[in-house]
Amino acid sequence: MPELPEVETVRRGLAGTVTGYTVSDVEVFDKRSLKRNIGSTSSFKKELVGSKLEKFERRGKFLWIPLGGNLCLVAHLGMSGQILVRTPDYPQDKCERIKITVSRGKSSLEVRFIDQRLFGGMLVDELVDQGSKGKVPQSAEHIAIDPLDENFEIEDIALKISKRSAGIKSLLLNQEILSGIGNIYADETLWLTKVHYLTPGNTFTRKRIRQVIETAKEVLIKAVAQGGTSFDEQYKNVNGESGYFSNSLNAYGQTGLPCPRCGTPIRREAWSNRGSHFCPRCQKPKS
DNA sequence: AGGGTAACCTGTATGC
DNA sequence: TGCATACAGGTTACCC
């Protein structure tokens, strides 16, 4: 469940189900889900077993759980990752790659990492102190502050974007400028602000850029409140429930459907190995 | 340095 | 039914 709202939904789901639980066992069914883990599979297990889960942190699309000392368990869901909390009697899930059994008293639960495409993964990582920005895993050191972070400063981001010649969509997706936005929320933000996705960052007024970033933040907040976006069996919260933001989509995945503002069919264009959805009438390129 | 593209993977839907 | 193609919510390495 890739973008910030989906990852935040998972984070909250974990906090609500397994806080205070201690890891009692770890099973790795597919080592490819550990490809970013520096150590061996057995050291991955060893670091986890015995750790009590107290905090569930997130920056952008990175999720992590402190393990005590300087270590943490990092999860990135990639393009198709899910984390589900199941009771041990629940049948094995399709594409289940890692199973972390946790217990508290007589209660036992399984935290299952599920990932069809294997772009995501888990790793045990070291925490790095970033001063006022707090501690983050080494693997997320380069990830910029996200719009839901209290340290997020719109003006700083606006300044950065206003100096770049790349298209606005690629800048919004750049996790080193601001994090958490993916293809859905980029397309939705650009539709709401009537901006064409290829508009170069350095052709905006600062006021206009601030509007775009402010809108992105509002979209993310609204999506979090609705539990993220679910289209199919993927991208669910830890209980397997769908999010409702798909009902609020105006552009993403709406190819051929009328623009909710002007009725012109939404267009999808192939862009950068993926798709970009927009209204050709409301979101004309500046010429 | 910054911008663009290919590569990493599996699974599902669609068309012939 | 079989086969080919297109498409999917991300990140990174590598070119220019």
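Given the structure is predicted, the values throughout are model-derived calculations rather than measurements.

## Some details on the protein's contact with DNA strand B
Logical step 1: As a matter of local geometry, DNA strand B sits amid R32, K94, Q116, R117, L118, F119, R164, S165, A166, S272 and N273.
Logical step 2: For DNA strand B, the fraction of protein-proximal atoms (within 4 Å) that sit in sugar or phosphate groups is 56%.
Logical step 3: A distance of 2.6 Å separates a phosphate oxygen of DNA strand B from a polar side-chain atom of R32.
Logical step 4: K94 has a polar side-chain atom sitting 2.7 Å from a phosphate oxygen of DNA strand B.
Logical step 5: Along the lines of polarity and charge, the residues of the surface near DNA strand B split into three nonpolar, four polar and four charged.

## So, the protein's contact with DNA strand C
Logical step 1: Inspection of the region around DNA strand C gives 23 residues, with H76, T229, Y235, Y252 and R274 positioned closest.
Logical step 2: The sugar and phosphate moieties of DNA strand C supply 52% of its atoms located within 4 Å of the protein.
Logical step 3: Within the backbone of G78, an N or O atom sits 3.5 Å from a sugar or linking oxygen of DNA strand C.
Logical step 4: Contacts to DNA strand C include R268, whose side-chain N or O atom sits 2.8 Å from a phosphate oxygen.
Logical step 5: Here the surface near DNA strand C is composed, by residue class, of seven nonpolar, eight polar and eight charged.

## Focus: the pattern of salt bridges
Logical step 1: According to the stated counting rule, one finds 17 salt bridges in the structure shown.
Logical step 2: Close ionic contact of E27 with K99 constitutes a salt bridge, the shortest N to O distance being 3.4 Å. With E27 in strand β1 (residues 22-28) and K99 in strand β6 (residues 96-104), the pair connects residues that are 72 residues apart, well separated along the chain.
Logical step 3: On the basis of relative accessibility, which here comes to 32%, the residue E27 falls in the partly exposed class.
Logical step 4: R112 is the salt-bridge partner of E96, the closest N and O atoms lying 3.4 Å from each other. Of the two residues, E96 is situated in strand β6 and R112 in strand β7 (residues 107-115); the sequence distance between them amounts to 16 residues.
Logical step 5: Residue E96 is classed as buried on the basis of its relative accessible area, which comes to 6%.
Logical step 6: You can call R112 buried: its relative accessible area is 2%.
Logical step 7: Linked by salt bridges that have partners in common, E27, R86, D93, E96, K99, E110 and R112 make up one network.

Definitions and limits used
Throughout this document, residue positions are counted from 1 along each chain, in the order its sequence is written. Note on labels: chains are lettered from A, ligands numbered from 1, in written order. With the structure being a predicted model, the display of local features is reserved for residues of pLDDT at least 70 and the display and counting of side-chain atom pairs for 80 or more, all residues being used for whole-chain, interface and lining totals. Each side-chain value is derived from all of the structure's non-hydrogen atoms; neither hydrogens nor water enter the calculation. Working definition: residue near molecule or strand if any one of its non-hydrogen atoms lies within 4 Å of it. Contacts described as polar in this section are N or O atom pairs within 3.5 Å, which, within protein, must combine one atom able to donate a hydrogen with one able to accept it, while residues neighboring in sequence count only if both atoms come from side chains. The nonpolar class holds Ala, Val, Leu, Ile, Met, Phe, Trp, Tyr, Cys and Pro. Asp, Glu, Lys and Arg form the charged class, and all remaining residues, Gly among them, are polar. Salt bridges are counted wherever a side-chain nitrogen of Lys or Arg sits within 4 Å of a carboxyl oxygen of Asp or Glu. By definition, any uninterrupted DSSP run of H or I lasting at least four residues is a helix, any uninterrupted run of E lasting at least two residues is a strand, and each is numbered from the N terminus. Burial status follows relative accessibility: with a 1.4 Å probe on protein chains alone, a residue under 20% of its type maximum counts as buried, one over 50% as exposed, and anything between as partly exposed.

Keep in mind that these numbers describe shape and distance, not what the molecule does.
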